[in-house]
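# Structural overview
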Amino acid sequence: LGLGYLASVARKKGHDVKIVDSIGENLTFDDLKRKISQYDPDIIGITATTSMIPDAYHVAKIAKENNPNIVVIIGGPHVTFLPEYTLRECPYIDIVVRGEGEITFSEILDSIEKGKQYKKILGITYKSNSGIIKSTPPRPLIKNVDNIPIPAFDLFNWDAYKFNNVRYGTIITSRGCPFNCIFCSSSLLFGKRYRAHSTDRVLEEIKILYEKFHIREIEFLDDTFTLNRRRAKEISQRLISEGYDLSWAASSRVDTFDKETGAIMHKSGAHTIYFGLESGTQKILDMIGKGISLDQSLKAVKIAKEIGIKTLGSFIIGFPQETKDDIERTINFAKHVNVDYAQFTIATPYPGTKLWFDAQAQGLLLTRNWRLYTAVNVVMKSFYLTAKQIRKLLRKAYISFYLRPKYVLKDLIKNKGVLFRRIIAYLLNPNRIKF
C-alpha cells in the first residue's frame, strides 16, 4: 500500500510509474535487474522493514549499476529512525524519507526536475553533492488523510495476492496510535493523534477493489480498527446496506472492543479479529506499556466467540525482564484465553521503539545484523535467560498451543490439517514460515 500511495502521487504530477512488489511476486534479484533495465527509470523508490533492509540495499546497488544517475530514495519505519546510519551503511541510496512520505515524495519529484535542490524539503536525510549527509527538519503529519490519493490499485498484480485461492486486498482507513507499547514504532512513525478517513473515502476504496479487481477478501490494516467504535460500526453498516459480499479481518485492542461493535462487524463479513494480548502476566503487560489487563483479554475473546468471530492472539516472549515462569504463564494463558489462533514472537528491539533505546542504553543488543530482526530470532540479551532457552520456549509455545489433541482434531476436521502442516513446517524451519 505504501508503494501504491506514492505511485498515485507521482501519477498526479504526470509521471509514468511502475510498481514492483518483489516479495509478493516472488522475484529474484535477476528478475528485478531485468525489470529495471527494461523500464530504465529516472527514480527508484524502495520501502523495507528492518529484516529486509539488506535486500533493499542490494536493490539500490542494482539500480545504480543499471544507471549511476538514477536517484534512489528509500522510506519506511527502519530508515525513518536510522536515516544517517542507513546512508552510511549503503552508499547507493541518495535520499531517506522520514515518516509519512506522500507530500515529501511529491516535493522530491519537483526538486529533481529543477536540479536536485533538496535543502528546503522537510522530512528527508540526503547526501549533498559533496557527499556530506544532511537532514532537514521533520515534516508535520498530514492533517486531513482524505487528501492522500487513493493507492494506484491498477498497478498491482492481483493474482499474486490470494487467500484460500480468492483474491484479497488491504486497506488502511486510519493513521496514528495514541498508545505507548514499548515494542512498537507506529505512534512515532504516524503520530499519536488518530487521523481517520471518512466513511465515504473508505467505501470508495472498497468499491474500487470489489468492482474493478473482484476482491472478495479484505484486511483492514489499521493499528486499531475499533479505536473509534462508532466509526467501525458505521463502516460495517455501509458494507451491509450497499450489499458487499465481503469477508474481512481487522485488528483491535481488547479495551476497544464490545459486543455491539463486534456483532455488526460480523454481520458485515468480519470473520477474524486480531488482538494484541502480548503476555500472560500483568507485570509484563504493565512493563511493556500495553495498558490492558488479563481480565480485559479474557472478556474480549469471550465476546468475539459468542458473536462468531474468530480470534488471533499475538503473544511476545523474551523481554529482558521476563523469567522462565513469566513465559510459561504466557504460554498457558494463550490456551486459557481460548483464542482460535496464536502467534508467538520473540521480543525484538526495532529501531525507533522505546525497547530499542532501552536495549541500547543497557547494552542488551546482541547484533545489528538486520536479517536476524525477524521476531523469531533472539537479538537482545535477557536478564534471566539464554538465547537458547528463549528459542526453546518459542518452540514449546507453538507445540503446546497447536499440537493439543483437541486442536489437531478440530484442524483436521475443519481445515484438512492445514495448521498442523504449517506448525510442523515451522518447527523444522522457523525462519521461513509466517503465521
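The text that follows walks through the structure, step by step, so that each part is easy to find. (Residues numbered from 1 in each chain as written. Predicted model: local features only at pLDDT ≥ 70, side-chain atom pairs only at ≥ 80, totals over all residues. Heavy atoms only, no water.)

### Some remarks on the overall build of the protein chain
The line we're drawing: Helix and strand assignments follow DSSP, with helices taken as H or I runs no shorter than four residues and strands as E runs no shorter than two, numbered in order from the N terminus. Two things to know: the radius of gyration comes from C-alpha atoms, and the globule rule equals 2.2 Å times the number of residues to the power 0.38. Throughout this description, buried means an accessible area under 20% of the type-specific maximum (1.4 Å probe, protein chains only), exposed means over 50%, and partly exposed covers the range between. Contact definition: two residues touch when any of their heavy atoms are within 4.5 Å. Per-residue and other accessible areas were derived by the Shrake-Rupley procedure at a 1.4 Å probe size, with only the shown protein chains allowed to occlude residues.
Along the backbone of the protein chain there are 17 helices and 14 strands. A compact globule built from 435 residues would reach a C-alpha radius of gyration of about 22 Å, and the protein chain, at 22 Å, matches this within 12%. Expressed as lengths along the three principal axes of its C-alpha atoms, the size of the protein chain is roughly 65 × 55 × 40 Å. For the protein chain, buried positions account for 50% of its 435 residues. Looking at the protein chain alone, contacts between residues at least 24 apart form 68% of all its contacts between residues at least 6 apart. Summed over its atoms, the accessible surface of the protein chain is roughly 20,700 Å², and 52% of this surface lies on carbon and sulfur atoms.

### Comments concerning the nonpolar core
Put simply, the rule is: We define a nonpolar core as any set of buried Ala, Val, Leu, Ile, Met, Phe, Trp, Tyr and Cys residues linked to one another through side-chain atoms lying within 4.5 Å.
Core analysis: the biggest nonpolar cluster contains 66 residues, and Ile 206, Ile 218, Phe 220, Trp 248, Phe 275, Phe 315 and Phe 344 have the highest contact counts within it. Element by element, the count of residues in this core is highest for helix H15 (residues 387–402), at seven residues. Excluding residues within four positions of it along the chain, Ile 206 makes contact with Ile 171, Ile 218, Phe 220, Leu 239, Tyr 244 and Leu 246.

### A closer look at the sheet that holds strand S11 (residues 247–252)
What counts here: Two strands pair if DSSP finds at least two bridges between them.
Pairing within the open sheet is mixed, and its seven strands lie in the order S6-S7-S10-S11-S12-S13-S14. Only two strands of the sheet have a single partner each, and these edge strands are strand S6 (162–163) and strand S14 (341–346). Pairing analysis gives five bridges linking S11 to strand S12 (residues 270–278), with the strands arranged parallel. Each bridged residue has a counterpart across the sheet, and for Ser 251 the counterpart in S12 is Tyr 274.

### So, helix H16 (residues 405–415)
The criterion, for reference: What the arc measures is the spread of directions leading from the helix axis to the C-beta atoms.
Listed in full, the buried residues belonging to H16 are Tyr 407, Val 408 and Asp 411. Buried residues of H16, seen end-on, are gathered within an arc of 100° and therefore sit on one face of the element. Summarising the geometry of H16, the exposed residues directed more than 90 degrees from the buried face are Pro 405, Lys 406, Leu 409, Ile 413 and Lys 414.

### A short note on a nonpolar patch on the surface
For the record, the criterion: Patch members must show over 30% relative accessible area and no salt bridge, and they are joined within 9 Å when carrying like charges or within 5 Å when they are nonpolar side chains of Val, Leu, Ile, Met, Phe, Trp or Tyr. Salt bridges, as used here, are contacts in which a Lys or Arg side-chain nitrogen is within 4 Å of a carboxyl oxygen on Asp or Glu.
On the surface, a nonpolar cluster with roughly 330 Å² of combined accessible area is contributed by Leu 409, Leu 412 and Ile 413. Structurally, Ile 413 is set in helix H16. Overall, Ile 413 belongs to the exposed group, its relative accessible area being 66%.

### Concerning the sheet that holds strand S3 (residues 95–97)
Heads up, the condition is: Interaxial angles span 0 to 180 degrees and are taken between N-to-C directions of axes, which are lines fitted to C-alpha atoms, for helices over the stretch in contact.
Spatial ordering of the open sheet is given by S1-S2-S3-S4-S5, a layout of five strands whose pairing is mixed. Strands with a single pairing partner mark the edges of an open sheet, and in this sheet they are strand S1 (43–47) and strand S5 (133–135). If you compare each strand with its neighbour and ignore which way they point, the axes differ by 20° on average. When strand S4 (residues 124–127) meets S5, the two strands line up antiparallel, connected through three bridges. Following the sheet pairing, Tyr 126 is matched in S5 by Lys 134. Seen against the sheet, helix H3 (residues 53–66) touches S1 and strand S2 (71–75) and runs at an angle of roughly 165° to S2.

### Some remarks on the environment of Tyr 402
Applied cut-off: By the criterion applied in these results, polar contacts are pairs of N or O atoms within 3.5 Å in which, for protein atoms, one can donate a hydrogen and the other can accept it, and in which residues neighboring in sequence qualify only through two side-chain atoms.
Relative to the helices and strands, Tyr 402 is located in helix H15. Sequence separation between Tyr 402 and Phe 319 is 83 residues; the distance between their C-alpha atoms is 23 Å. Here Tyr 402 is in contact with Tyr 341, Ala 342, Tyr 407, Val 408, Leu 419 and Ile 423, once residues within four sequence places are set aside. There is a polar contact of 2.7 Å between the side chain of Tyr 402 and the backbone oxygen of Ala 342.

### Observations regarding the pattern of salt bridges
Per the stated rule, a full pass over the model turns up 26 salt bridges. A salt bridge links Arg 175 to Glu 100; the nearest nitrogen and oxygen atoms lie 2.9 Å apart. On the criterion of sequence distance, the pair formed by Arg 175 in strand S8 (residues 174–175) and Glu 100 in the loop between S3 and helix H6 (102–113) is long-range, its members being 75 residues apart. No difference in accessibility class separates Arg 175 from Glu 100, as the two residues are buried. The shortest N-O distance in the salt bridge between Asp 200 and Arg 238 comes to 2.9 Å. With a gap of 38 residues between them, Asp 200 in helix H8 (residues 199–212) and Arg 238 in helix H9 (residues 229–241) connect regions that are remote in the sequence.

### So, the environment of Asn 66
Mapped onto the secondary structure, Asn 66 falls in helix H3. For the pair Asn 66 and Ser 400, spaced 334 residues apart in the sequence, the C-alpha separation amounts to 50 Å. Every residue in contact with Asn 66, bar those within four places of it in the chain, is listed here: Ile 36, Ser 37 and Asp 40.

### Let's talk about unusual backbone geometry
Backbone geometry at Lys 116 places phi at a positive 60°, although glycine is not the residue there. Take Lys 116: it is sitting in the loop between H6 and S4. Judged by relative accessible area, which is 38%, Lys 116 ranks as partly exposed. In this structure, Asn 338 is a non-glycine residue whose phi angle is positive, near 70°. Structurally, Asn 338 can be placed in the loop between helix H13 (324–336) and S14. Classification of Asn 338 as partly exposed rests on a relative accessible area of 41%.

### Description of a positive patch on the surface
Stated formally: The charge count includes Lys and Arg as positive and Asp and Glu as negative, but it does not include His or the ends of the chains. Charge coordinates come from a single atom per side chain, which is NZ of Lys, CZ of Arg, CG of Asp or CD of Glu.
A surface patch of positive charge is lined by Lys 310, Lys 406, Lys 410 and Lys 414. For the positive patch, the element with the most residues is H16, which contributes three residues. Following the sequence through the fold, Lys 310 ends up in strand S13 (residues 310–317). Relative accessible area serves as the criterion here: at 35%, Lys 310 is assigned to the partly exposed category.

Spatial relationships are all this shows, so hold off on functional conclusions.
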